[in-house]
Number of protein chains: 2
Amino acid sequence: MQLSSQHTLHDGQLSFYRHESTVNQASMGFAIYLPPQSTSKPVPVLYFLSGLTCTEENFMIKSGAQRFAAKHGIALVSMDTSPRNLGLPGEDDSYDFGSGAGFYLNASKEPWSRHYRMEDYVVKELPGLIEEHFPVQPGNRSVFGHSMGGHGALTLALKNQDKFRSVSAFSPITAPTQNEWGIKAFTGYLGDDRTLWRQYDTVELIKSGVAPMPLLVDQGLADEFLTEYLQPEKLLEVCEQHKHPLTMRQHAGYDHSYYFISSFIEDHISYHAGYLHQD
Amino acid sequence: MQLSSQHTLHDGQLSFYRHESTVNQASMGFAIYLPPQSTSKPVPVLYFLSGLTCTEENFMIKSGAQRFAAKHGIALVSMDTSPRNLGLPGEDDSYDFGSGAGFYLNASKEPWSRHYRMEDYVVKELPGLIEEHFPVQPGNRSVFGHSMGGHGALTLALKNQDKFRSVSAFSPITAPTQNEWGIKAFTGYLGDDRTLWRQYDTVELIKSGVAPMPLLVDQGLADEFLTEYLQPEKLLEVCEQHKHPLTMRQHAGYDHSYYFISSFIEDHISYHAGYLHQD
């Protein structure tokens, strides 16, 4: 684990690291913000999963989350959205597949299956590393994300309710098995058997009857990807049908950018703090 | 004036524009954040001057200022740090001269004098444009900045106390006539006559006996440019000698980045709001 850079902000420490990931068989970058409270006692951890093309940097630079993490005494962790620079064929050909587009799944199709194991990375390897090396409370974690990372947060939390106390999302891809982004990614990473895709689709997971973990979702109504890729109406519908607890907040005028995230980040961190500070 | 992009955040509107600047004889970019209050009545304007290499984007993306501008009902304006792409000899050869390094002065040496007139741009042309086209209160302005832009804010406000109600700075270059950044810039833009330099040096302006406009300055003590380029001790000394009102806050552990700015931005906006919302 190698420290790339470190900055003080809001009296806490933001650090960028690289390490050799065992599950991805690749060098990966992540960032951790430790709030000032962590110098006297271990703190809970809130994981943020970013959207297409992002690295571990975008959230830490643009969201303004650290102000509220410092207020609530919560560590923040962000990570790259895929391994990079592996030399896999087509790896860098498009923004929505390969580098920067890991979709938070374990690929089963060659050659991606050797390196694209972001589900295991986010659920197992990275939390293990964080809990080994930093002053955080083991197992006291929540997760949220944006767009592709909103999809990641919702699906991984619903499938691992013993591992995450709470989940929320900004502008998530709610039903990737039903749109071009998801179909392209799942075909490439998982192959043509669509039954394998369902475990990576929030709407399908709720249909399948997962336990009723509450979902908090914010969505901008001026989002350029709203109708084609994000489809909040599908999440509303399936949650209504299956009585799955959902708070969906839709906001006129807001787009898909980090400006949207920064406008509602305070609410999300307060929401997770409510769970993470329950003993 | 051409709109490049627009985003809603904190219930206000952030817009990026390009226009043909008369004083700079060049295309310039600026950004304006209009808080939600501006839809019902004109609001005051707080101008932010960025540091070396920055464009109008950095502050708007990284500072988190809009949250507090929205709270206090103040518009924020940022602008590029120089004209660009003019084809002047050596324009893009270094990070600290030419493109991205206008130093908020009116160049008097050819060929820069034709296009590098950032003092007139910030003090006259841009406020004129803003007050003509947006719902803001004419003449109700304050200014702040970072690094080279901290130098710009302090010098321009001290020389134009009728035009700016208040001034503050993060990590300003306090005495550019005494360090390599300033000497290189002033030699290139103004020539060898050092008497011309003094009007662009905060320490020299205070020595010359400007009216006692209060200064608020925040400085990180882990700033990589602290001793060689920023030299807060020179500002402390000259303000002490000349009884010039100064609040200098020095912060252990903080560096020169926007993470530092974002940590103390709330205080600066509250400070300016106190002046901008008088009477």
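See above for the structure.
One structure accompanies this document, and this report is about it.

Rules of the game
- Residues numbered from 1 in each chain as written.
- Chains lettered and ligands numbered in written order.
- Predicted model: local features only at pLDDT ≥ 70, side-chain atom pairs only at ≥ 80, totals over all residues.
- Heavy atoms only, no water.
- Helix = DSSP H or I, 4+ residues; strand = E, 2+ residues; numbered from the N terminus.
- Rg over C-alpha atoms; globule rule 2.2 N^0.38 Å.
- Buried < 20%, exposed > 50% of the residue type's maximum accessible area, 1.4 Å probe, protein only.
- Contact = heavy atoms within 4.5 Å.
- Areas by Shrake-Rupley, 256 points an atom, 1.4 Å probe, with all protein chains shown as cover.
- Pairing = 2+ DSSP bridges.
- Buried area = accessible area lost by both parts, 1.4 Å probe.
- Salt bridge = Lys/Arg side-chain N within 4 Å of Asp/Glu carboxyl O.
- Axes fitted to C-alpha atoms, helices over the stretch in contact; angles between N-to-C directions.
- Least-squares fit on C-alpha atoms with pLDDT ≥ 70 in both.

Moving on, we come to the overall build of chain A. Counting its secondary structure elements, chain A contains nine helices and nine strands. Its C-alpha atoms give chain A a radius of gyration of 17 Å, near enough to 19 Å, the size a compact globule of 279 residues would have. Within the span of chain A, comprising 279 residues, buried residues form 62% of the whole. Taking as baseline every contact in chain A between residues at least 6 positions apart, the subset at least 24 positions apart corresponds to 71%. Accessible surface, chain A as shown: approximately 10,100 Å² in total, 48% of it carbon and sulfur.

Residue and element names in this part refer to chain B. Among the nine residues that make up strand S3 (residues 26-34), eight are buried, leaving the element largely enclosed by the rest of the structure. For strand S2 (residues 12-21) and S3, the ladder comprises nine bridges, and the chain directions are antiparallel. Looking at S3, one finds that His 19 is bridged to Met 28. Counted between consecutive antiparallel strands, the loop separating S2 from S3 contains four residues, among which Gln 25 sits at a positive phi close to 50°. Across four bridges, the pairing between S3 and strand S5 (residues 75-79) is antiparallel. The partner of Ile 32 across the bridge, within S5, is Val 77.

Before going further, it helps to spend a moment on unusual backbone geometry. Trans peptide bonds make up most of the peptide bonds, and negative phi angles are found at most residues other than glycine. Across the junction of Glu 110 of chain A and Pro 111 of chain A, the peptide omega takes the value -5°, indicating a cis bond. Structurally, Pro 111 of chain A is set in the loop between strand S5 (75-79) and helix H3 (118-133). The backbone of His 10 of chain A sits at a positive phi, close to 45°, despite the residue not being glycine. Residue placement: His 10 of chain A occurs in the loop between strand S1 (2-9) and strand S2 (12-21). The backbone of Ser 147 of chain B shows a phi angle near 60°, a positive value even though the residue is not glycine. The topology assignment puts Ser 147 of chain B in the loop between strand S6 (136-146) and helix H4 (148-159).

Contacts between chain B and chain A engage 23 residues on the former and 22 residues on the latter. If you sort the residues of chain B by the area they bury against chain A, Thr 8, Arg 67 and Tyr 259 of chain B come out on top, with a joint share of 36%. Connecting chain B to chain A are two salt bridges. In this structure, the salt-bridge partner of Arg 67 of chain B is Glu 266 of chain A, at a minimum N-O distance of 3.1 Å.

Glancing now at the sheet that holds strand S3 (residues 26-34) of chain A. Residue and element names in this part refer to chain A. Pairing in this open sheet of nine strands is mixed, and the strands run S1-S2-S3-S5-S4-S6-S7-S8-S9 from one edge to the other. Each edge of the open sheet is held by one strand with a lone partner, namely S1 and strand S9 (246-251). Each neighbouring strand pair of the sheet contributes to a mean axis angle of 20°, computed without reference to strand direction. Packing against the sheet, helix H8 (residues 232-242) makes contact with strand S8 (215-220) and S9, and its axis sits at approximately 150° to S9.

Let's shift gears to the environment of Pro 127 of chain B. Residues and elements named next belong to chain B. In this structure, Pro 127 sits in helix H3 (residues 118-133). As for Pro 127 and Tyr 47, which are separated by 80 residues in sequence, their C-alpha atoms are 8.9 Å apart. Here Pro 127 is in contact with Tyr 47, Tyr 121, Val 122 and Arg 141, once residues within four sequence places are set aside.

When chain B is fitted to chain A, the residual RMSD is 0.1 Å, and the transformation amounts to a turn of 180° plus an axial shift of 0.0 Å. Look at the turn and shift together and you get a two-fold axis relating the two. An overlap of 96% is found between the interface residues of chain B and their copies at the interface of chain A, pointing to a shared contact surface.

Across the sheet, nine strands lie side by side as S1-S2-S3-S5-S4-S6-S7-S8-S9 (chain B); this open sheet has mixed pairing. In this open sheet, the two strands that pair with only one neighbour each are strand S1 (2-9) and strand S9 (246-251) of chain B. Going across the sheet, the axis of each strand differs from the next one's by a mean of 20°, ignoring polarity. This element, helix H9 (residues 258-276) of chain A, spans S1 and S2 of chain B of the sheet and lies at about 30° to S1 of chain B.

Okay, the pairing of strand S4 (residues 43-49) of chain B next. All names here are of chain B. Summarising burial for S4: seven of the seven residues are buried, a large majority. Here six bridges tie S4 to S6, and the two strands are oriented parallel to one another. Within the sheet, the bridge partner assigned to Val 43 lies in S6 and is Val 136. As paired strands, S4 and S5 are joined by four bridges and run parallel to one another. The residue of S5 that forms the bridge with Tyr 47 is Val 77.

All names here are of chain A. Tallying each qualifying case throughout the model produces 25 salt bridges over all chains. One salt bridge in this structure joins Asp 80 and Arg 84, with 2.8 Å as the shortest N-O distance. Relative accessible area serves as the criterion here: at 5%, Asp 80 is assigned to the buried category. On the accessibility criterion, Arg 84 (25% relative accessible area) is partly exposed.

That is the geometry; function is a separate question.
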